[in-house]
Amino acid sequence: MKKIVIAGGVAIVAAAVAFGAVRFGGLSFNSDNTAEALATEVAQTEQVAARTAVDARVLPVESAELSFPLSGIAAEVLVKEGDQVEAGQPLVRLSAMQQTAAASQAEAQLARAEARLAELKAGAREQEVAAAQSAIDAAEARLNRVQNGALPEEVTAARAALAEAQANVQKVLEGPSDQQLIAAQTDLANAEAIRRQAQAAYDRVAGNPDIGARPESAQLEQATNAVTAAQARLADLKSGSSAADIAAARARVQRAQAQLDLLSATNPADVAETEAAVRQAQSQLDLLEAGTRPETIAVAEADVQAARAALVQAQAALADTELRAPFAGTVASLTTRVGEQVAAGAPALVLADLNHWQIETEDLTEFDAVNVKPGDTVKLSFDALPDLTMDGTVRLVRPIGGNNRGDIVYTLVIDPAQQDSRLLWNMTAVVEVAR
């Protein structure tokens, strides 16, 4: 702590007057001085005597120790020490594959939620309403048909089918007609004649060693098969219809009769079923025309808000992987290298505005601090620059004091009257303040 105290200035000056010309403290006193000049020099001497010198340091007005809020691997270091950067300029980036994927997923979820909300608010399309109306028309047509019974044409067709089935039963019961028997006997006779001709042709070449490969053999075999088939048809006609044929014919009659009865009758269950189908189709149309319920839209809107919040959160997590300059300045210190693990909260770099300085005192005691207030003018000098002195203005007296080797000291924040390019961070300075 440096303190300079000069006391008794008035008494010294008086002695100087009594003994003639005297030089003291850089002030010259002559017995010839007028009383007015003497008073001025005395006042200046008392001002010097009322000042206290305290140690201080040169600090940037704006500086920041930047760090990441999360841990990760440094993927890009975009600056180096001494670089000038602009506000918002990216400085260091961490690997951000997971955060990028999460942000893309959140964007997709938001787009889906917004599309769903737009769909609900838009309501039914004209095509959907038209389809619902068509469904009502079809259901009403079925109901009308069930209530009014079958069409006359359908009843006529069913009766004709029944008559045909009944005639078929009668035919089966009667057996084959004389014409059918005559036709079958004729077919058998013709087949036997053809076989005789084939037999005669075969007999003429029967002695040949290749008889099995000759066409006469195949013709005889075919003629014989035709005779056998004709005999079977004739025998079948003579034997009459089997019990199975009669049963099948009668079954066809029963089916035809049932179909006719079904067309002629109205089933209450069918009427009820078709009426329910009409009501269901009408309800569907009413729902489409009424639009979406407000509660459903409210849920969709809440889903959109939730998706937006999730996107903001994902984008914030992605932004946390990039360190940007909070203000324009100089990279004063850089401790991060590409590929290194960066711990959350650990200093990655120090950024400062090295063009604008402020002076902060270090050992201003409580006894002197009470005499200083914002706006006071102080004198500044610098140990490393003895030729540089300037005025300064107290911007702030920090209200909390600290213990400095037993003394309670307070910090003054001082704006120098001018900026000098030779000043460096943490240079020592001396501040003269009023006592």
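For the structure, check the block above.
Residues numbered from 1 in each chain as written. Predicted model: local features only at pLDDT ≥ 70, side-chain atom pairs only at ≥ 80, totals over all residues. Heavy atoms only, no water.

Chemist: Is there a simple way to think about helix H7 (residues 215-239) in this case?
Modeler: Residue pairs three or four apart in sequence face the same way in an α-helix, which turns once every 3.6 residues. Here H7 is 25 residues long and its end C-alpha atoms lie 36 Å apart, about the 36 Å a rise of 1.5 Å per residue gives. Among the residues of H7, Glu216, Ser217, Leu220, Ala223, Val227, Ala230 and Leu234 are the ones counted as buried. Those residues of H7 that are buried lie in contact with helix H6 (178-204). (Helix = DSSP H or I, 4+ residues; strand = E, 2+ residues; numbered from the N terminus. Expected span 1.5 Å × (residues − 1). Buried < 20%, exposed > 50% of the residue type's maximum accessible area, 1.4 Å probe, protein only. Contact = heavy atoms within 4.5 Å.)

Chemist: So what exactly am I meant to see when it comes to unusual backbone geometry here?
Modeler: One can expect most non-glycine residues to show negative phi and most peptide bonds to be in trans. Unusually for a residue other than glycine, arginine 405 sits at a positive phi of about 55°. Tracing the backbone through its elements, the reader meets arginine 405 in the loop between strand E16 (402-404) and strand E17 (407-410). Of note in the backbone geometry, asparagine 426 takes a positive phi value of approximately 75° without being a glycine. Of note, asparagine 426 is situated in the loop between strand E18 (412-416) and strand E19 (428-434). Residue asparagine 426 is classed as partly exposed on the basis of its relative accessible area of 41%.

Chemist: Before we go on, may I ask you to explain the sheet that holds E17 in this structure?
Modeler: Taken together, the 3 strands give an open sheet; going across it, the order is E13-E17-E16, and neighbouring strands pair in antiparallel fashion. Where the open sheet ends on each side, the last strands, each with one partner, are strand E13 (364-365) and E16. In this sheet, E17 lies alongside E13 in antiparallel orientation, the contact comprising 2 bridges. Paired with threonine 365 across the strands is valine 409, a residue of E17. (Pairing = 2+ DSSP bridges.)

Chemist: Got a minute to help me understand the pattern of salt bridges in this structure?
Modeler: Enumeration over the complete set of coordinates arrives at 16 salt bridges. Close ionic contact of lysine 379 with aspartate 391 constitutes a salt bridge, the shortest N to O distance being 2.9 Å. Separated by 12 residues along the polypeptide, lysine 379 in strand E14 (residues 377-382) and aspartate 391 in strand E15 (residues 385-397) bring together distant segments of the chain. Lysine 379 gets classed as partly exposed once you look at its relative accessible area, which sits at 38%. (Salt bridge = Lys/Arg side-chain N within 4 Å of Asp/Glu carboxyl O.)

Keep in mind these numbers describe shape, not what the thing actually does.
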